[in-house]
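Commentary on secondary and tertiary structure
The residues making up each chain are set out below.
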Amino acid sequence: SRKVPSLEESLAYRNQYLSSILSVSYSKPIKMEGAAFQYMYDAYGNTLLDAYNNIPHVGHSHPKVVEAGQRQMAKLNTNTRYLYDILPAYAEKLLAKFPPSLNRVFFVNSGSAASDLAIRMAKWHTKREAIMVMEHGYHGNTQISIDISDYKFSNPKGQGQKENILKACLPDTFRGHFTENNGIAGRAYGEEAIQQMQMYSQPIAAFITEPIVGCGGQVPLANGYLEALYPAIRKLGGLCISDEVQTGFGRIGDHFWGFQQYGIVPDMVVLGKPMGNGHPMGAVVCTKEIAESFEKGVEFFSSFGGNPVSCAIGLAVLEVIEEEGLQENAKKVGDYYKSLLEALQKKYDCIGDVRGSGLFLGVDLVKSGTKEEDPQLAKLIKNELRERNILISTDGPKDSVLKTKPPLVFTKDNALQVVEEMDNILKRII
Ligand code: PMP
């Protein structure tokens, strides 16, 4: 029989060619062999429950998505300088998911490329350079994306905040300075951001944020915040961008897009991760006016953005979400999962907050009875769960928030298993 290299051998092999700046998850890494729906299989015969990965949105290796890609790959793969109907067909189906004002789409190959393009288009449209960004926000790995990502530029090892970047304070109703999440805190945070904009040396081209700030530790924006802020930005001639890379495509349950949760409509939307269920896809969706401004510049071309294989895959993803009722499942299972986590919070005062919507949840770990972050405990729980073959991760400015955002085929039994194991771990150590 075939000898499977050990974890140490596999790591050494990788380190021969790849930089250590690429991180590996968990104290004891996992060597992956395969995956199906919400399960992953390691090289040593273990099945892992995936409560973490949001890229395989409709499930790892979903057969309909795989088949759509295989079939199109065998037939034609080319670029948007030729005509093929699957491109407008996919664009039509995707744009049907948006409010009518958002009716133009530009396809690229990653969330980073989409953020980068959105900022470039916003600057071009407004003829301005400044961007207002969200504290702890993350939007990608290109130079522009890093420039607008506080999570990266404010890191001690980061490049620092550029002069054309204005940073809004995270409207966090758990740990922030306004906590009444009945609209009062949201309006107060909104008012602060408006004042910052008014006092800033230059008018802003755009404001970009996620609806629930993932790298900030799964922090939903305070209710009423965007409602207060968006009209003020527009009054000052700026554009509003929603990064839906993490929150889009039905994950939050109640809505297909995260921004809908706040009853506002952005001018531009950034898409990525779940769009191709793991196949590299990203997009900028915007208004006709913004697209028309961009058309006055030099040609925009992406070698791979909008290719027929990507379109076939993207179309299959949208069909599976509908056919399998996955947004509804995110709502049903997400509500149940959150209720189990809230019950666990009542039992252990090291759980400071349980937040998020649908299958996009965060568990904020604290030093008992305080709001002081407890990254050691978060790390311990994450690694203990890994020992029990459950995948979750940690994030947030102090890395103290357990992050769970599984494929949308996750079941109530899966949720129960995760929370029972968390309970077993906490029982033993507290
Ligand atoms: N925006 C958000 C909110 C993200 O979470 C990410 C990726 N983590 C990106 C943009 C960048 O996407 P990609 O890694 O596909 O370039």
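Nothing here was measured: the structure is a model prediction, and the numbers come from that model.

1. Quick look at the domain arrangement of the protein chain
Domain boundaries assigned for the protein chain yield domain 1 (7-58 + 325-429) and domain 2 (63-323). The C-alpha centroid of domain 2 is placed 25 Å from the C-alpha centroid of domain 1. Contact residues are listed per partner, giving 29 residues for domain 1 and 29 residues for domain 2. Secondary structure elements with two or more residues in the side of domain 1 that touches domain 2: helix H11 (326-347), strand E13 (351-357), strand E14 (360-365) and strand E17 (401-404).

2. Some remarks on the site of the ligand
In the vicinity of the ligand lie 15 residues, with Ser110, Gly111, Ser112, Gly140 and Val245 positioned nearest. If you tally residues by element for the shell around the ligand, the top one is helix H4 (residues 111-126), at three residues. Looking at the shell around the ligand residue by residue, the class counts come to two nonpolar, 10 polar and three charged.

3. Brief notes about helix H2 (residues 63-75)
For H2, built from 13 residues, the straight-helix expectation of 18 Å at 1.5 Å per residue is met to within 8% by its first-to-last C-alpha distance of 18 Å. Where H2 is buried, its residues meet helix H10 (308-323).

4. Remarks on the sheet that holds strand E3 (residues 47-50)
Judged by pairing direction, the sheet is mixed, and its four strands sit side by side in the order E1-E2-E3-E15 without closing on themselves. Each end of this open sheet is capped by a strand with a single partner; those strands are strand E1 (32-36) and strand E15 (390-391). Pairing of E3 with E15, which is carried by two bridges, proceeds in the parallel orientation. Looking across to E15, one finds that Leu49 is bridged to Ile390.

5. Looking at the sheet that holds strand E7 (residues 204-209)
Strand order in the open sheet formed by seven strands is E4-E12-E11-E10-E7-E5-E6, and the pairing between neighbours is mixed. Edge positions in the sheet fall to strand E4 (104-108) and strand E6 (165-168), since each has one partner strand and no second. Between one strand axis and the next, the sheet turns by 20° as a mean value, whatever way the strands run. With four bridges joining them, E7 and strand E10 (residues 239-243) adopt parallel strand pairing. Looking across to E10, one finds that Thr209 is bridged to Ser242.

6. A closer look at the packing of helix H3 (residues 86-95) against H10
The interhelical angle for the contact between H3 and H10, taken along N-to-C directions, is 30°, at an axis separation of 9 Å. Note on packing geometry: the crossing formed by H3 with H10 is left-handed. Only Pro308, Cys311, Ala312, Gly314, Leu315 and Leu318 of H10 make contact with H3, whose side of the interface consists of Ile86, Leu87, Ala89, Tyr90, Lys93 and Leu94.

7. Notes on the environment of Val366
Structurally, Val366 is set in the loop between E14 and helix H12 (375-387). With 20 C-beta atoms packed within 10 Å, Val366 lands in the buried category. For the pair Val366 and Ile351, spaced 15 residues apart in sequence, the C-alpha separation works out to 6.0 Å.

8. Notes on unusual backbone geometry
The phi dihedral of His136 is positive, around 65°, even though this residue is not glycine. Structurally, His136 is set in the loop between strand E5 (130-134) and helix H5 (143-147). In this model, Asn389 sits at a positive phi of 60°, which is unusual for a non-glycine residue. Note that Asn389 resides in the loop between H12 and E15. The class for Asn389 is partly exposed, based on 16 C-beta atoms found within 10 Å.

9. Some words on the nonpolar core
One finds Ala118, Ile131, Ala206, Ile241, Met268, Ala283 and Val284 to be the most contacted residues of the largest nonpolar core, which totals 114 residues. Here the element with the most residues in this core is H10; it accounts for nine residues. With sequence-adjacent residues up to four places away left out, Met268 is seen in contact with Ala118, Ala122, Leu239, Ile241, Val284, Val285, Cys286 and Ile290.

About the thresholds
Starting from 1, residues in each chain are numbered consecutively following that chain's sequence as written. Since the coordinates come from a predicted model, pLDDT governs what is reported: local features require at least 70, and pairs of side-chain atoms require 80 or more to be given and counted, while whole-chain, interface and lining totals use all residues. For the purposes of this description, domain bounds are those given by an automatic or database domain assignment. C-beta atoms are placed from the backbone for every residue, and two residues are taken to be in contact when these atoms lie within 7 Å. Per the convention used, a helix needs a DSSP run of H or I reaching at least four residues, while a strand needs a run of E reaching at least two, with both numbered from the N terminus. Throughout this description, a residue near a molecule or strand is one whose C-beta atom, derived from the backbone, lies within 6 Å of it. All amino acids are sorted into three groups, where Ala, Val, Leu, Ile, Met, Phe, Trp, Tyr, Cys and Pro are nonpolar, Asp, Glu, Lys and Arg are charged, and the leftover types, Gly among them, are polar. How far a helix is expected to stretch is found by multiplying one less than its residue total by 1.5 Å. Between any two strands, pairing holds if DSSP finds at least two bridges. Axis definition: a line fitted to C-alpha atoms, over the contacting stretch in the case of helices. Angles run 0 to 180 degrees between N-to-C directions. Each crossing gets its handedness from the near helix: less than a right angle anticlockwise from the far helix is left-handed, clockwise is right-handed. Residues with at least 20 neighbouring C-beta atoms inside 10 Å of their own are called buried, those with 12 or fewer are called exposed, and the rest are partly exposed, where every C-beta is derived from the backbone. Put simply, a nonpolar core is a cluster of buried Ala, Val, Leu, Ile, Met, Phe, Trp, Tyr and Cys residues tied together by C-beta atoms within 7 Å.

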